[in-house]
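Coordinate analysis (summary)
These are the residues of each chain, in order.
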Amino acid sequence: MDLTPKRAADSATEMVQVVLPNDANPLGFILGGTVMHLIDIAGAIACHRHTRTLLVTAAVDDLQFLHSIKVGDLIILRARVTCVFTTSLEVQVDVFSEETLTGRRQQTSRAFLTFVAIDREGKRVKVAPLVADTDEERTVCEEAQARREARLRKKVRSTKSEV
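Along each chain, the written sequence defines residue order, and numbers are assigned to residues from 1. Predicted model: local features are reported for residues with pLDDT of at least 70 only, side-chain atom pairs are reported and counted for 80 or more only, and whole-chain, interface and lining totals are derived from all residues. The side-chain figures draw on all heavy atoms in the structure; neither hydrogens nor water molecules are used.

1. Some remarks on the sheet that holds strand β2 (residues 13-18)
Pairs of strands are assigned from DSSP output, requiring at least two bridges between the strands. Secondary structure elements follow DSSP: runs of H or I no shorter than four residues count as helices, runs of E no shorter than two count as strands, and numbering proceeds from the N terminus. An order of β2-β4-β5-β6-β3 is seen for the five strands of this open sheet, with the pairing classed as antiparallel. Edge strands, defined here as strands with exactly one partner in the open sheet, are β2 and β3 (54-65). Across the sheet, the mean angle separating the axes of adjacent strands is 25 degrees when strand polarity is ignored. In what follows, a contact means two residues having at least one pair of non-hydrogen atoms within 4.5 Å. Axis definition: a line fitted to C-alpha atoms, limited for helices to the stretch in contact. Angles are taken between N-to-C directions and run from 0 to 180 degrees. Where helix α1 (residues 32-51) meets the sheet, it contacts β2, β3, β4 (74-84), β5 (88-98) and β6 (105-118), and its direction lies at approximately 45 degrees from that of β4.

As structure tokens, this is what we get:
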């Protein structure tokens, strides 16, 4: 397994597709679940580019729907790895709409997802470190560390309350 450090730019992914009527609710806007599905796919692709391993989605943090996307508009998803831990990594996915006739774009969503790298038996495997080249990349990674710590604290509380 190659654990050579990699840059965030190496994982950068962009997906674009037109929003069709079968993706939409009766009001003519894309379904939130469809957006979540596409976010998961874009995030997974970026993480695969970094790890070149099998992955499972472990968490989705801070998903917000800021604006709706109409049937006929384009949905654009941009993903990149933001931070790497030992066997897991975080990816940021930004979602935009683009009106096909005017080209007007606006951000509609942002989410942070955590994926865990696994082998064919489902056991965790180590992930190559991330090289943070810019101050922005270092800041986003520090924020990812804080999100991870909060998620792990919440997980411990949930586990204790179930017992």
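2. Notes on unusual backbone geometry
With a phi angle near 55 degrees, Arg52 is a residue other than glycine that sits in the positive phi range. Mapped onto the secondary structure, Arg52 falls in the loop between α1 and β3. A positive phi angle is found at Asp62, which is not glycine, with a value near 60 degrees. Its place among the elements puts Asp62 in strand β3.

3. Looking at the state of the cysteines
When the sulfur atoms of two cysteines come within 2.5 Å, that pair is taken as a disulfide. All told, the structure shown has one disulfide when counted by the stated rule. With no disulfide of its own, Cys47 lies 11 Å from the sulfur of Cys83, the closest cysteine sulfur.

4. So, the pattern of salt bridges
Salt bridges are defined as contacts in which a side-chain nitrogen from Lys or Arg sits within 4 Å of a carboxyl oxygen from Asp or Glu. Counted under the stated rule, the structure contains 11 salt bridges. Across the pair Arg78 and Glu14 runs a salt bridge whose closest N-O atoms are separated by 2.8 Å. Of the two residues, Arg78 sits in strand β4 while Glu14 sits in strand β2, which places them 64 residues apart along the sequence. A salt bridge links Arg110 to Asp94; the shortest N-O distance between them is 2.5 Å. Residue Arg110 is found in strand β6, and its partner Asp94 is found in strand β5; the two are separated by 16 residues along the sequence. Through salt bridges with shared partners, one network takes in Lys70, Asp73, Glu99 and Arg104.

5. Thoughts on the pairing of β4
Both faces of the sheet carry side chains from a regular strand, because those side chains alternate between them. Here's how the labels work: a residue is buried when its accessible area is under 20% of the maximum for its type, exposed when over 50%, partly exposed in between, all with a 1.4 Å probe on protein chains only. Of all 11 residues in β4, nine are buried; the element is thus mostly enclosed. Sheet analysis places β2 next to β4, joined by six bridges and oriented antiparallel. Opposite Thr13, over in β4, you have Ala79 as the bridge partner. Relative to β5, β4 is paired through 10 bridges, and the arrangement is antiparallel. Across the sheet, Ile76 pairs through a bridge with Phe96, a residue of β5. Once β4 ends, the chain turns through three residues before running back antiparallel as β5.

6. Things to note about the side chain of Gln92
By the secondary structure assignment, Gln92 is in strand β5. A polar contact is formed between the side chain of Gln92 and the side chain of Asp94, at a distance of 2.9 Å. Two N or O atoms count as a polar contact when they lie within 3.5 Å, although within protein this holds only if one can serve as hydrogen donor and the other as acceptor, and sequence-adjacent residues are included solely when both atoms are side-chain atoms.

7. As for the environment of Asp23
Relative to the elements of secondary structure, Asp23 occurs in the loop between β2 and α1. Dropping the residues within four chain positions of it, Asp23 is found in contact with Gln17, Val18, Phe29, Ile30, Leu31 and Thr34.

8. Regarding α1
Taking 1.5 Å per residue as the helical rise, α1 with its 20 residues ought to reach 28 Å, and the 28 Å between its terminal C-alpha atoms agrees with that figure. Along α1, the positions that sit buried rather than exposed are Thr34, Val35, Leu38, Ile39, Ala42, Gly43, Ala44, Ala46, Cys47, His50 and Thr51. Directly beyond the C-terminal end of α1, a positive phi value near 55 degrees is found at Arg52. Each helix should span, by expectation, one fewer than its residue count multiplied by 1.5 Å.

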